[in-house]
Amino acid sequence: MHSVLFSFLASISSGVFGGVIAAVAVVGLGGGFAIGVYVYRRYRTKKIGSTQAQADSILDFAREEAKSLKKEAINEAREENQRLKSETERQFRERNSEIAKQENRLNQKEEALDKKEEMLLKKLDQIDVQQKQLISQQGELTKRQQELDQSEIRIQKELERVAGLTQDEAKQMLVDEMVGEARKDAAGLVRKIEAEAKANGEQKAREIVATAIQRCASDQVSEMTVTTVPLPNDEMKGRLIGREGRNIRALENATGVELIIDDTPEVVILSGFDPVRRQIARITIEKLISDGRIHPARIEEMVEKVKRDMDVTIKDEGEAASFDTGVFGLHPEIIKLLGRLKFRTSYGQNVLRHSIEVSYIAGIMASELGLDVALAKRGALLHDIGKAVDQEIEGTHMQIGADLAKKYKESKEVVNCIASHHGDVEPMTVEAVIVAAADAVSGARPGARRESLENYVKRLEKLEEIANSFKGVQKSYAVQAGREIRIIVKPEEVNDETTVLMANDIARRIESELEYPGQIKVNVIRETRSVDFAK
């Protein structure tokens, strides 16, 4: 603003009039400046006063607020102090109460201890009195013992004088007499024990064998040594023979089995000494019939496939037998030989099923007698292993089996079980005797072999016939393979007391008229039923 003013004054200073005007302008500007300064100072003073008033007002409000906060803080502090005081007084009261209870308990314990102490002191006094009495009695006893000793010496001398024997001589006579009596009693006792042992041993043996048979009543698979293959029709015989017999020759050459095709309708007979070969031939023919393509090339292809499948089947059967009997750790070749027994029969009895059953029976008998169960089961399972190859190797199946067991590192005990199970070799262990007994039980039990089946049926019929012949019997049933006869009597003719006598009479009659293995349980049942109808 000053620069503008100076430039203006310079512009008008060139003229006279301009000088006057310049002077007036300077005066006006000076007055205006003075007025501006005055107005500014008045405004500033007023502004400062207003600000001071606001500041005072804020300070007054702050002071009031501070007083209010201080008052609230003091009140809160008083309340907190009062609460803490109350809590402290409560805890103090509880502590005093607990201390009072503990003091009370301590006082009671102290009183009890005082009473016990008094009782102990009284007992000690009593013990002192009793001890004095015992000392006195001991003195009297000692004195009496001395008197008795002297009396005994006098009596002994008098007896020696009367009997004419010294004390040692009398003792020797008494000892000799007692020894004689003891020997006599011992001899009688020994005879009694021997008689009881024979009777009980025979009975126990029967019980063990009967228990083994009862617990192992497995089914037997009876097969013919000659295999029969059914045909869907007689036309299939011509297809099996083939043109100029080429198909039947191919079958016989590939399988080693003779095919017998005769007038028997819808049947082909396979004949061969090897049961595995017969099985291969049977499966091959069945597959060829199902497939429909029957010619030499197809026959050879099918035979090879069936042989591979048969190897797997044989191994599976051997492993299954090992698992079922719990005999593990067998050589793989032994497993295969066991599987071959699946297709071997003896007197119509499947040899593998027979071997498994013998293993079960031998294990049960060994367990009952406290012997080596694992050895008995292992020897029993392998006892007929020679029958798997007895058509191929010369010798008895016992010797063949023993040689195979030696070859595949079986123990000498197992080898002896195999070699001695028909009595050709002396058994080395009790387990070998058990294997032979179990083999006889499995082969001779009723129904196991085809040759004894007829006799078995007749025995069951005779058993029921004997029971039915008694008066008052309503019906009877031979159960559990002839090991039990259940007899139902008429309740109006037979009372409860008579059933006991009837059971005994029937048992005696069975013993006198029948021959049977083990024992037969006679079970007489008297049952009364009352029936009515609601109408």
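Remember, predicted model here, so these are calculated numbers, not experimental data.

On to empty space enclosed by the protein, then. Applying the stated criterion across every chain yields a total of one cavity of 30 Å³ or more. Roughly 50 Å³ of internal volume is contained in the largest cavity. Taken together, Phe273, Asp274, Pro275, Val276, Arg340, Leu341, Arg344, Lys387, Ala388, Gln391 and Glu392 make up the full set of residues lining the largest cavity.

What follows deals with the side chain of Arg298. Residue placement: Arg298 occurs in helix H7 (residues 296-325). The class of Arg298 is buried, set by a relative accessible area of 13%. Only 3.3 Å separates the side chain of Arg298 from the side chain of Asp291, close enough to count as a polar contact. Setting aside residues up to four positions removed in sequence, Arg298 forms contacts with Leu288, Asp291 and Arg293.

This part covers the sheet that holds strand E3 (residues 267-271). Ordered in space as E1-E3-E2, the three strands form an open sheet in which the pairing is antiparallel. For this open sheet the edge positions go to strand E1 (227-230) and strand E2 (258-260), each flanked by a neighbour on one side alone. Across the sheet, the mean angle separating the axes of adjacent strands is 30° when strand polarity is ignored. In this structure, E1 lies alongside E3, joined through four bridges in antiparallel fashion. Its bridge partner being in E3, Pro230 is matched across the sheet by Val267. In this fold helix H6 (residues 275-291) packs onto E1, E2 and E3, with an angle of close to 5° to the strand it touches most, E1.

We now examine the sheet that holds strand E7 (residues 484-489). What the three strands build is an open sheet, ordered E6-E7-E8; its pairing is mixed. Both outer strands of the open sheet, strand E6 (473-479) and strand E8 (521-526), are each paired with one neighbouring strand and no more. Here the average twist between neighbouring strands, direction ignored, is 20°. As defined by bridge partners, E7 adjoins E8 across six bridges and the pair is classed as parallel. Counted as the bridge partner of Ile488 is Ile525 from E8. Contacting E6, E7 and E8, helix H15 (residues 496-513) crosses the sheet at an angle of about 155° to E8.

About the cut-offs
- Residues numbered from 1 in each chain as written.
- Predicted model: local features only at pLDDT ≥ 70, side-chain atom pairs only at ≥ 80, totals over all residues.
- Heavy atoms only, no water.
- 1 Å grid on protein atoms, 1.4 Å probe; cavity = no way out; pocket = protein on both sides within 12 Å on 5 of 7 lines; lining within 4 Å.
- Points joined across faces, edges and corners; volume = space filled by probe spheres on them.
- Helix = DSSP H or I, 4+ residues; strand = E, 2+ residues; numbered from the N terminus.
- Buried < 20%, exposed > 50% of the residue type's maximum accessible area, 1.4 Å probe, protein only.
- Polar contact = N/O pair within 3.5 Å; in protein donor to acceptor, adjacent residues only side chain to side chain.
- Contact = heavy atoms within 4.5 Å.
- Pairing = 2+ DSSP bridges.
- Axes fitted to C-alpha atoms, helices over the stretch in contact; angles between N-to-C directions.

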